Amino acid sequence: LEAVKGHRLAALFVVAMFTGMRQGELLGLPWKAVDLAAGKVTVGQSLSRRRAAAATLTAPKTKRSQRTLPLPVPAVEALRAHAERQRFEALAAGAGWQNSAGLVFVAEDGAPLESSVALRALRRSIEAAGLPAMRFHDLRHAYATLALQAGAGLREVMEGLGHADIGTTGNVYAHVAPATLRRVADDLADLIQGAAKGASEGGG
C-alpha cells in the first residue's frame, strides 16, 4: 500500500487489497455501483477482453459473484481522491473522453483499462519499493489470507471472494487455518479462565 501511494491507479490496488475483488470485476466496476457515503460497493459485472477483440462488460459467471462488499475507510478515501483525479482527466480530454460506461478505473482518455497496464503499474511500484514480484491476483489472495488471520470465518471470506462454494475457499486457504485455530483456542482459554476467576471471586 505504501509502494503504490500517489500512483494514478493507487485506488485500484487499495480496493483490490481491501475487498478481494477479481481484476475483471474491478476494471468493470461502474461508479453507480459505488456508494462512498455508505462505504460499500456492489459487484454486478466484469470487464473481459479476448485477444484483439474489444473489451466487453459481462455478468458475473455465478450468482455468488454478484455481491455487495463493505469499503473500509482507506478504500473510501482512495476512491474519493481517484474520483477527483478522474474529473480533471475528463475535463482535460474534453470531447475525446471515452468513458461512456461510467467506469471507475479507466485509461487517461477514459477508455477501458487494459489488464496488462494495471499489472505493469503494480509491478513497477513494488519493484521500486524493493518488494518481491507479484501477480495482480495476489492482492486477492492477500485479502483472503489477512481476513482469516484477522478472525473472519471461511463462510465470510467465501462471500467476500464470491466463491461458488465454501470447499473452494477451504482448499485454497487451508494453510491459514492452523494459526487461526490456535488464536481461537487461546482466546477461548482466556475467556474460560476469566469466567472461572470471576465465579471464584464472586463465590468468595
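Everything that follows concerns the structure shown earlier in this document.
Predicted model only: the values in this text are computed from it and were never measured. (Residues numbered from 1 in each chain as written. Predicted model: local features only at pLDDT ≥ 70, side-chain atom pairs only at ≥ 80, totals over all residues. Heavy atoms only, no water.)

**Q** For the side chain of Thr-19, give the residues involved together with the corresponding values.
**A** Positionally, Thr-19 belongs in helix α1 (residues 10-19). Given a relative accessible area of 2%, Thr-19 falls into the buried group. At a separation of 2.6 Å, a polar atom in the side chain of Thr-19 contacts the main-chain carbonyl oxygen of Val-15. From its side chain, Thr-19 meets the backbone nitrogen of Met-21 in a polar contact 3.2 Å long. (Helix = DSSP H or I, 4+ residues; strand = E, 2+ residues; numbered from the N terminus. Buried < 20%, exposed > 50% of the residue type's maximum accessible area, 1.4 Å probe, protein only. Polar contact = N/O pair within 3.5 Å; in protein donor to acceptor, adjacent residues only side chain to side chain.)

**Q** I'd like a description of the packing of aromatic side chains, backed by residues and values.
**A** Each aromatic ring pair is summarised here by two numbers: the centre-to-centre distance and the angle between the ring planes. Here the structure, examined in full by the defined rule, presents one aromatic pair. Taking the centre distance of 6.1 Å and the plane angle of 55° together, the rings of Phe-13 and Phe-136 count as tilted. Taken together, the residues span a long stretch of sequence, with Phe-13 in helix α1 and Phe-136 in the loop between α4 (115-128) and α5 (137-149) at a distance of 123 residues. Take Phe-13: its relative accessible area is 3%, and that puts it in the buried class. Its relative accessible area of 6% is what places Phe-136 among the buried residues. (Phe/Tyr/Trp six-rings, centres within 6.5 Å; stacked < 30°, edge-to-face > 60°.)

**Q** How would you explain the nonpolar core if you had to name every residue and give the values?
**A** Leu-12, Phe-13, Leu-71, Leu-79, Phe-105 and Phe-136 are the most contacted members of the largest nonpolar core, which totals 33 residues. Elements that contribute at least two residues to this core include exactly α1, α2 (23-27), β2 (40-43), α3 (73-93) and α4. The element that contributes the greatest number of residues to this core is α1, accounting for six residues. Discounting residues that sit within four places of it in the chain, Leu-71 has contacts with Val-15, Thr-19, Val-34, Leu-36, Gly-39, Lys-40, Val-41, Val-76 and Leu-79. Counting residues in each nonpolar core, the second largest holds eight residues, with Tyr-143, Leu-148, Leu-161 and Val-176 among its members. (Core = buried A, V, L, I, M, F, W, Y, C linked by side-chain atoms within 4.5 Å. Contact = heavy atoms within 4.5 Å.)

**Q** So what about the pattern of salt bridges? Which residues, and what values?
**A** Once the charged atoms of two side chains with opposite charge are near each other, the side chains can pair. Applying the stated criterion across every chain, the model contains seven salt bridges. The salt bridge involving Lys-5 is made with Glu-2; its shortest N-O contact spans 3.1 Å. Considered together, Lys-5 and Glu-2 belong to a single accessibility category, that of exposed residues. The salt bridge involving Asp-138 is made with Arg-135; its shortest N-O contact spans 2.8 Å. On the accessibility criterion, Asp-138 (23% relative accessible area) is partly exposed. It is possible to trace a salt-bridge network through shared partners that takes in Arg-22, Glu-25 and Arg-67. (Salt bridge = Lys/Arg side-chain N within 4 Å of Asp/Glu carboxyl O.)

**Q** Pulling in residues and values, what's your account of the sheet that holds strand β1 (residues 34-35)?
**A** Taken in spatial order, the three strands make up an open sheet running β1-β2-β5, and their pairing is antiparallel. Each edge of the sheet is formed by a strand with only one pairing partner; in this case those strands are β1 and β5 (67-70). Taken together, the four bridges between β2 and β5 define a ladder with antiparallel strand orientation. Within β5, the position partnered with Lys-40 by the bridge is Pro-70. (Pairing = 2+ DSSP bridges.)

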